[in-house]
Amino acid sequence: MEKKYAEITGKERGPGPGRYGLPPTVGFVGHDFTKLTSPAYSFHGKMTGNMYCVDSSPGPKYHIDARMTRFGRDGTPAYSMLGRIKSKKQQFQTPGPGTYSPERAPPCNLQRRPPCFTMRSRTQYRSTDSVPAPNKYCLPPVMGPQVPNKPSSASYTMSRSYSTGGPSVDLAKTPGPCRYNTTDLNLYLPRQPAFSMLGRHKMPRDATKKPGPGEYNPEKVTVNRARAPAYSLGIRHSEFVTPLVVNVSD
């Protein structure tokens, strides 16, 4: 059996908006009498077919011919398209203008015939004609001294290098500028300061391991208090319970 508890009257705050039943302002039935009511319309049911079956006269579906007037049929002429009528076969058929060819008629009355031309095939080249074509001729070049009928400028050639006696061969074996060594300035001048590069020195430091900031727990310190604060989860108390008020001495 489920145990039933007595309801706390302090929880009753009053009915909500859904508890009130106001008359509607939409429609005609049960309308709020304090509000104005607009005219209401309803949809009628579908009527039966007896209403138009009694009168069997046709409606406006008649097709009235446009040529009919209130005085009768109009008198305008009407035309229609018919097929071509076959002509009767004649005994003598006269030729048309395109049948005649006056250009083929023989000359008469001492008239001269106009010139006639025909198209024939291409003639063959003569086998005895040995004259070369224009692209077979080769003219001498105009560059260099070999042109007999053209003035030419001075021409030069590049000779090979000689192994002995040439300008590139040093017979005296004279040393070049790079063969000479410079004298050290410290031999005849005051000696300049000299410096050298050494390795990096390690800075002196404490090699002992020290804890980081995350290792400390200040909330667990019990040096200046009896114990560290502790918290627990309790039960939910009713909001209608009277709080306990006691006198606390300083």
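Residues numbered from 1 in each chain as written. Predicted model: local features only at pLDDT ≥ 70, side-chain atom pairs only at ≥ 80, totals over all residues. Heavy atoms only, no water.

By the naming in an unreviewed UniProt entry, the chain goes by Outer dense fiber protein 3-like protein 2 and is assigned to Takifugu flavidus.

**Digging into the pattern of salt bridges**
Here is the rule: Within this document, salt bridges are pairs made up of a side-chain nitrogen of Lys or Arg and a carboxyl oxygen of Asp or Glu, the two lying within 4 Å of each other. Relative accessibility under 20% of the residue-type maximum defines a buried residue, over 50% an exposed one, and the middle range a partly exposed one, all with a 1.4 Å probe and only protein chains included.
Enumeration over the complete set of coordinates arrives at 1 salt bridge. Between K210 and D206 there is a salt bridge, and its shortest N-O distance comes to 2.9 Å. When its relative accessible area of 51% is taken as the criterion, D206 is described as exposed.

**Regarding the side chain of D32**
Our working definition: Strands here are runs of E lasting at least two residues and helices are runs of H or I lasting at least four, both read from the DSSP assignment and numbered beginning at the N terminus. His is not counted, nor are the chain ends; Lys and Arg add positive charge and Asp and Glu add negative charge. The definition of a polar contact used here is a pair of N or O atoms within 3.5 Å, where within protein one atom must be able to donate a hydrogen and the other to accept one, and adjacent residues in sequence count solely through side-chain atom pairs. Contact between two residues is taken to exist if any of their heavy atoms lie within 4.5 Å; hydrogens are not considered.
Position of D32 relative to the elements: it lies in the segment before α1 (50–53). For the buried D32, no salt bridge exists, and the shortest N-O distance to an oppositely charged side chain is 5.7 Å, to K35. At a separation of 2.9 Å, a polar atom in the side chain of D32 contacts the side chain of T34. Those residues within four positions of D32 in sequence are excluded, and the remaining contacts are P23, P24 and T25.

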